[in-house]
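# Tertiary structure, described
Chain by chain, the residues run as shown.
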Amino acid sequence: VLAGCLRRRSPDAHLEADAAIGLNPENDFFYFIKGKAFLADKRYLNAEVLFQRAIEINPDDADYYSAIAQCRVLRDDKLSALEFSYKSIELDPEDDDNVNLHILILTSLGRHEEAKELMEGVLHRDPHNSYSHSNQGWSELHKNNRKTALIHFKEALRLDPENENARIGMIECIKSGN
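Model, not experiment: these values are computed from the prediction. (Residues numbered from 1 in each chain as written. Predicted model: local features only at pLDDT ≥ 70, side-chain atom pairs only at ≥ 80, totals over all residues. Heavy atoms only, no water.)

### Overview of unusual backbone geometry
How we decide: Strands are runs of DSSP state E lasting at least 2 residues, helices are runs of H or I lasting at least 4, and numbering of each runs from the N terminus. Type-normalised accessible area, obtained with a 1.4 Å probe on protein chains alone, sets the label of each residue: buried when under 20%, exposed when over 50%, and partly exposed for intermediate values.
Phi is positive for Asp76, close to 60°, though the residue is something other than glycine. Tracing the chain through its elements places Asp76 in the loop between helix H5 (62-74) and helix H6 (78-91). Positive phi values are uncommon outside glycine, yet Asn144 reaches one of about 65°. In this structure, Asn144 sits in the loop between helix H9 (130-142) and helix H10 (146-159). Judged by relative accessible area, Asn144 falls into the exposed class, the value being 67%.

Structural data, given as structure tokens:
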């Protein structure tokens, strides 16, 4: 029920999460869901507090660290985000969503070689991951390989037309060609 409310961005997500936490305050997942509701509302500091609580209860869940990294990126604190994304992929190096977030952070910090190594692995594991193609597009764009970047951004948008990172990349590709 909680996850369903969150997927629908229902205002009930906060109420449902509060009720669940009230019934079982030691369940880390309930804090994570409540944090995700705050994240959806762009209330990043509130979300971080709840993700931290989830980590206190269960320090071995990679998604909790990744969620904090995402909040920090959205607050433009990429160096701090990097610490949490490192921990996330240390706990689960096969989680492509968390690895893609790590790649995004590395790329935004200009650490292209580190990002490239991870990107090749992610694209090899799942060539149908929109965010992997988006990250590859940004990497190619940073190397001034506009045509190759365009191919990856197009593929990312074909796989997921809602991929905002790929849409922005496509626009940057077009601007760089003019």
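### Observations concerning the packing of aromatic side chains
The following threshold applies: Two aromatic rings from Phe, Tyr or Trp, using only the six-membered ring of Trp, form a pair when their centres are within 6.5 Å; if the ring planes differ by under 30 degrees the pair is stacked, by over 60 it is edge-to-face, and anything between is tilted. Two thresholds decide whether a charge sits over a ring: the Lys NZ or Arg CZ must be within 6 Å of the ring centre and within 35 degrees of the ring normal.
Taken as a whole, this structure holds 4 aromatic pairs when the rule is applied. When the ring of Trp138 is compared with that of Phe153, the centres are 5.6 Å apart and the planes differ by 75°; the resulting orientation is edge-to-face. Here Phe153 lies in helix H10 and Trp138 lies in helix H9, a separation of 15 residues in the sequence. Across the pair, Phe153 and Trp138 agree in class, each one buried. Aromatic ring contacts, followed pair by pair, group Phe29, Phe32, Phe51 and Tyr64 into a single cluster. Seen from the ring of Tyr31, Arg53 lies directly overhead, with NZ or CZ sitting 5.4 Å from the centre. One Lys or Arg, Lys87, reaches over the ring of Tyr65 and ends 5.9 Å from the middle of that ring.

### Points about the packing of helix H8 (residues 112-125) against H9
What counts, and what does not: Whenever a helix is involved, its axis is fitted only over the stretch in contact; in every case the axis is a line through C-alpha atoms, and angles between N-to-C directions fall within 0 to 180 degrees. Helix crossings fall into two classes, left-handed where the near helix is turned counterclockwise from the far one by less than a right angle and right-handed where it is turned clockwise. Contacts: residue pairs with any heavy atoms within 4.5 Å of one another. When residues are grouped by polarity, Ala, Val, Leu, Ile, Met, Phe, Trp, Tyr, Cys and Pro land in nonpolar, Asp, Glu, Lys and Arg in charged, and all others, Gly among them, in polar.
Here H8 crosses H9 at 145°, and the two axes come no closer than 10 Å. As for the relative orientation of H8 and H9, their crossing is left-handed in sense. Facing H8, whose interface residues are His112, Met119, Val122 and Leu123, H9 presents Ser132, His133, Asn135, Gln136, Ser139 and His142. Here the residues of the contact of H8 with H9 sort into 3 nonpolar, 7 polar and no charged.

### What to know about the environment of Glu26
Looking at where Glu26 falls in the secondary structure, it is placed in the loop between helix H2 (12-23) and helix H3 (28-40). Since its relative accessible area comes to 51%, Glu26 is described here as exposed. Spatially, the C-alpha atom of Glu26 lies 9.8 Å from that of Glu56, the residues being 30 residues apart in sequence. Here Glu26 is in contact with Arg53 and Ile57, once residues within four sequence places are set aside.

This is a description of form; function is not addressed.
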